[in-house]
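# Observations on chain architecture
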Amino acid sequence: EPEVTQTPSHQVTQMGQEVILRCVPISNHLYFYWYRQILGQKVEFLVSFYNNEISEKSEIFDDQFSVERPDGSNFTLKIRSTKLEDSAMYFCASNAGVGYEQYFGPGTRLTVT
Amino acid sequence: GENVEQHPSTLSVQEGDSAVIKCTYSDSASNYFPWYKQELGKRPQLIIDIRSNVGEKKDQRIAVTLNKTAKHFSLHITETQPEDSAVYFCAARVAGNTPLVFGKGTRLSVIA
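Quick caveat: nothing in here was measured; it's all calculated off a predicted structure.

With 23 residues of chain A at the interface, the matching set in chain B holds 20 residues. In this structure, the connection of chain A to chain B is made through one salt bridge. With a shortest N-O distance of 3.6 Å, Arg43 of chain B and Glu3 of chain A are connected by a salt bridge. On inspection of chain A and its partner chain B, the count reaches six residue pairs in polar contact (both at pLDDT 80 or more). At the level of elements, strand 4 (31-37) and strand 9 (88-95) of chain A are the ones that each hand at least two residues to the side of chain A that touches chain B.

The subject of this paragraph is the packing of aromatic side chains. For any two aromatic rings, the description comes down to two numbers: the centre-to-centre distance and the angle of the planes. The tally for this structure, following the rule as stated, stands at 18 aromatic pairs over all chains. With centroids separated by 5.3 Å and ring planes inclined at 40°, the aromatic side chains of Tyr35 of chain A and Phe104 of chain A adopt a geometry described as tilted. Of this pair, Tyr35 of chain A sits in strand 4 while Phe104 of chain A is found in strand 10 (residues 103-104), placing the two residues 69 residues apart along the sequence. Each ring, one from Phe89 of chain B and one from Phe102 of chain B, has its centre 6.3 Å from the other, and the planes form 85°; the classification is edge-to-face. In this pair, Phe89 of chain B is assigned in strand 9 (residues 86-94) and Phe102 of chain B in strand 10 (residues 101-102), connecting sequence segments 13 residues apart. Here the two residues Phe89 of chain B and Phe102 of chain B agree in accessibility, since each one is buried. A connected cluster of aromatic rings, assembled from ring pairs, spans Tyr33, Tyr35, Phe45, Phe91 and Phe104 of chain A together with Tyr36, Phe89 and Phe102 of chain B.

Let us now look at the sheet that holds strand 7 (residues 62-67) of chain B. Residues and elements named next belong to chain B. The strand order 1-3-8-7-6 describes an open sheet built from five strands, whose pairing is antiparallel. The two strands at the open ends of the sheet, each matched to only one other strand, are strand 1 (4-7) and strand 6 (56-59). The average angle at which neighbouring strand axes cross in this sheet is 15°, direction not considered. As paired elements, strand 1 and strand 3 (residues 19-25) share four bridges and run antiparallel to each other. If you follow Val4 over to strand 3, its bridge partner there is Tyr25.

Now for the state of the cysteines. All names here are of chain A. Counted according to the given criterion, the structure contains two disulfides over all chains. The disulfide partner of Cys23 is Cys92, and the S-S distance across this bridge is 2.0 Å. Negative torsions about the S-S bond denote left-handed disulfides, and the value of about -60° found for Cys23 with Cys92 makes this one left-handed. Pair noted here: Cys23 is in strand 3 (residues 19-24) and Cys92 is in strand 9, with a separation of 69 residues, a long-range link. Residue Cys23 is classed as buried on the basis of its relative accessible area of 1%. According to the relative accessible area criterion, Cys92 is buried, its value standing at 0%.

Residues and elements named next belong to chain A. Judged by pairing direction, the sheet is antiparallel, and its four strands sit side by side in the order 1-3-8-7 without closing on themselves. Edge positions in the sheet fall to strand 1 (5-7) and strand 7 (65-68), since each of these pairs with one other strand and no more. Neighbour-to-neighbour, the strand axes of the sheet open up by a mean angle of 20°, direction not taken into account. Inspection of the sheet shows strand 1 paired to strand 3 by three bridges, in the antiparallel sense. Its bridge partner being in strand 3, Gln6 is matched across the sheet by Cys23.

Here we take up the nonpolar core. Side chains of nonpolar character tend, in soluble globular proteins, to be buried together. Formed by 23 residues in total, the largest nonpolar core has its most connected members in Trp35, Phe73, Leu75 and Leu108 of chain B. Every element with two or more residues in this core is listed here: strand 2 (10-14), strand 3, strand 4 (30-38), strand 5 (45-51), strand 7, strand 8 (72-77), strand 9 and strand 11 (106-111) of chain B. Sequence-distant contacts of Leu108 of chain B, that is, excluding residues within four places in its chain, are made with Leu11, Val13, Ala19, Ile77, Asp84, Ser85, Ala86 and Tyr88 of chain B. Among the nonpolar cores identified, the runner-up in size contains 22 residues, and Val19, Phe32, Phe61 and Val67 of chain A belong to it.

Rules used throughout
- Along each chain, numbering runs from 1 in the same order as the chain's sequence is written.
- A letter from A marks each chain and a number from 1 marks each ligand, given out in the order of writing.
- Totals for whole chains, interfaces and linings use all residues, but because this is a predicted model, local features are given only for residues with pLDDT of at least 70 and pairs of side-chain atoms are given and counted only at 80 or more.
- For the side-chain quantities, the full set of heavy atoms in the structure was used; hydrogens and water were omitted.
- Any two residues whose heavy atoms approach within 4.5 Å at even a single point are treated as in contact.
- In the sections that follow, a salt bridge refers to a side-chain nitrogen of Lys or Arg positioned within 4 Å of a carboxyl oxygen of Asp or Glu.
- Distance and chemistry together define a polar contact, namely a pair of N or O atoms within 3.5 Å, with one atom able to donate a hydrogen and the other to accept it when in protein, and with adjacent residues in sequence counting only for side-chain atoms on both sides.
- Only runs of H or I of at least four residues qualify as helices and only runs of E of at least two qualify as strands under DSSP, and these elements are numbered from the N terminus.
- Pairing of aromatic side chains here covers Phe, Tyr and the six-membered ring of Trp, requires ring centres within 6.5 Å, and sorts the geometry by plane angle: under 30 degrees stacked, over 60 edge-to-face, intermediate tilted.
- Only protein chains enter the area calculation, which uses a 1.4 Å probe; residues under 20% of their type maximum are buried, those over 50% are exposed, and those in between are partly exposed.
- In short, DSSP must find at least two bridges between two strands for them to pair.
- The convention used is that axes are lines fitted to C-alpha atoms, helices contributing only their stretch in contact, and that angles between N-to-C directions extend from 0 to 180 degrees.
- Note that a disulfide, as used here, is simply two cysteine sulfur atoms within 2.5 Å.
- Side-chain atoms within 4.5 Å are what join buried Ala, Val, Leu, Ile, Met, Phe, Trp, Tyr and Cys residues into a set we call a nonpolar core.

Structure below.
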């Protein structure tokens, strides 16, 4: 069964550094999302992406964040200057179309020191 | 925007008993309500979902009910097993491909 994949599984970075989190959505899916989950808390929406542009973003997704689909398979989340409070699990998700289920990747645990 | 409340935050049941987790939502336009199971350190896995044109859906030991008037929906797990132990999240979504809004999760412990 196809799955969303993410790399790396764990990223440790120093405050102020840039990080890029990578995702490969399921191949025939059209809608892509990034969510984050701070340890012990609920999953929070960051941004959605469709047709090579952002379709919606939350207030968490400020100017320090950006997303890109550099080729036909990868979907990336960049944090330009990481802060301690960016430490969280970041999940990528995708779905095939309107009304379809969202499938989550395994997540990248980001630790900012 | 949509707000989803989930109760209880923790739930312990004896193996074989039933477990019920309840969620309420605020946006009457929401029409899709999935439930995800998340084991420690793993991704959320969709276990069941329901759309607003249906009042109840069942899949083996798992069922979900939806009351649109009251804006609440519930997850029912019967004959619980130790492997049901996990964090369960409810979510809601307005029509289309708007993002999911999650509840805070319920940590279910099934005691053998």
